[in-house]
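Chains, contacts and geometry: an overview
Listed below are the residues making up each chain.
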Amino acid sequence: MPKSLRSILGGGNRVRKPSRPTGPRQTSTTASTTTASQSSATTPSSSPRKRQPSQSRRKNKTEDDDENGELFAEKLEDVGLATLLASELSLRDVVQAMRYIRAHMFTPVPETGFKSSRRTELLRYRATMPPLVTAGHLHAVLTAASPTRVEREVAELLGKGVLRRVRVERRGGGGEALIETPMLVEMLRSSSTVSDATEAAYIAFLKTNPTAQTLGRKTLPDAQTDELVRAGFLTSAATRATPGTTLHVRPEDRTTLTSIERVSQFASGTLSAVGGQNAIHLAGGSGGAYANAAAAAAAAATAAGNGSEGADYRIAVPGHGRHLKLAEAAVDWLRETLGRTKWGEGPEVWLRERFEGGGLYGPRWKELQGVEWTWVLGEAVGLGVVEVFQTGSVGRGVRAL
C-alpha cells in the first residue's frame, strides 16, 4: 500500500483518550484502605463510643470483685473475742440492759431529706413497734455476767411478774422475747378494741400466772377471748410445731411418744418403751384410725399431759411479727455482706460503712427503717450468726459462724 494511503488511513476517525501521568499503580486493596482511612479522617468514628460503656462496666465489675473478694484476701488476725459493749459500764442487771437495747434500736429520723409521707411512715412504724427484746440479744449485751447468772435473774423477774416471756412458734431463738409487764399492761389499756371487762379479766390472769405462756380455753369467756385474739394479745395454740416442721423449734416442742423423754419412763422390753402400739401414727406417720378405743384414750391422756388439750391460746404481744421480721432482715443483710468476702469475715468499721453508706438511700434507711448498727450486731451475735473478735490492727472484726 502506498505510503500516502497508509498515512491517510492511519489517521481515521478514532478518538484518542488523553494520556495519564506515569506513577505507581494502586491495587484494589490499597485503594479500599485509602478510602477507609480518608472516610475515618473526615467522619468521626463511633467505635470508641460503643466501647466506653462495656469498658466502664468491666472496670466497675473489677472494682466490685476487688472490694468484695480480694479486699480481705488474707484472714484477719484474731487475738480473742471482744465484748459487744466494752465501754458501757451502767448495764448491771436485766432490766437496765433491756431498756438500753430499746433506746438504741432506731436512729432519729432526720428533719430534712425525706418527703413528708415517708417521714410519717417511719414515725408510725416506730410508734407501733412493740417494746420487745430478744433473749439472745440480752445475753449478747450482758457479757460481763455469766449466762447462768442472767438466766437466773430472768427467771426471778418472771416469777415476780416484772417481766413476761412471749414466744412465736417455729421461729427459733429469734421468736423468743421478753417484755416488761407494765408495758404490756399499758398496751392492753390503750387498745381501743378491748373492753374494760376483758381488760380487767386478762390483767388478773397475768398477775395470777406470771410465768404462764398459754391460756386455756375455759379460762375466759369466749367473747372476751375473741376480743383478745382480734387485738393481738392472744394467738391460737394450733400453730404448735408438728414433727415435720421442727427445724427451728425448741427441744421441748419436739416431744413425741417416741422421744427419749417418753420412752425412758417405761421398762425396757415393753411395747411402751418404743412408743406404744400407735407410735408411727402419733408421730405423724401413716394415717388411719387407732387400733382400739384404749389406744385412743391413751393418746388423749398423753396429749392432755403434754399441755395441748387445754391450752388453745398463747399469750402474745401485738406487733411481735413486725419486730421479728425487722430483726431477720437485718441479720440476713449482715450474713449476705459477710458472704461476699473471701473468708466470711471483715472489720467492723468496713461493715458499718457499708451499712450506713448511701445516706438516706442506703440499706439502713431504704430497707431497715433506720435501725442502729449496734442493734443489728447485737441481734446477730445473740442468734449465733456472727461473733465479734479483736484483730489487734484494724479494731474489732466480725466473723460469720
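Just so we're clear, the structure is a prediction, and the values are computed from it rather than from any experiment.

The rules we used
Residues numbered from 1 in each chain as written. Predicted model: local features only at pLDDT ≥ 70, side-chain atom pairs only at ≥ 80, totals over all residues. Heavy atoms only, no water. Core = buried A, V, L, I, M, F, W, Y, C linked by side-chain atoms within 4.5 Å. Buried < 20%, exposed > 50% of the residue type's maximum accessible area, 1.4 Å probe, protein only. Helix = DSSP H or I, 4+ residues; strand = E, 2+ residues; numbered from the N terminus. Contact = heavy atoms within 4.5 Å. Axes fitted to C-alpha atoms, helices over the stretch in contact; angles between N-to-C directions. Parallel < 35°, antiparallel > 145°, perpendicular 65-115°, else oblique. Nonpolar A, V, L, I, M, F, W, Y, C, P; charged D, E, K, R; others polar.

1. Overview of the nonpolar core
Of all hydrophobic cores here, the largest spans 45 residues; its most connected members are Val94, Leu138, Leu326, Leu334 and Trp375. Those elements that place two or more of their residues in this core are α4 (94–103), α6 (135–141), α7 (147–160), α14 (320–339), α15 (348–356), α17 (373–382) and β8 (386–390). Element by element, the count of residues in this core is highest for α14, at 7 residues. In contact with Leu326, not counting residues within four places along its chain, are Met105, Phe106, Tyr125, Met129, Leu368, Gln369, Val371 and Trp375. Leu184, Val185, Phe205 and Leu206 belong to the second largest nonpolar core, which has 21 residues in total.

2. What about the environment of Leu215?
Turning to its location among the elements, Leu215 is positioned in strand β4 (residues 214–216). Judged by relative accessible area, Leu215 falls into the buried class, the value being 0%. Taking the C-alpha atoms as reference points, Leu215 and Tyr202, 13 residues apart in sequence, are found 10.0 Å from one another.

3. Focus: the packing of α14 against α17
One way to put it is that α14 packs onto α17 with a least axis distance of 9 Å and a crossing angle of 90°. By the angle between their directions, the pair α14 and α17 is classed as roughly perpendicular. From α14, His323, Leu326, Ala327, Ala330, Val331, Trp333 and Leu334 reach across to α17, where they touch Trp373, Trp375, Val376, Leu377, Glu379 and Ala380. Residues that form the contact of α14 with α17 fall into these classes: 11 nonpolar, 1 polar and 1 charged.

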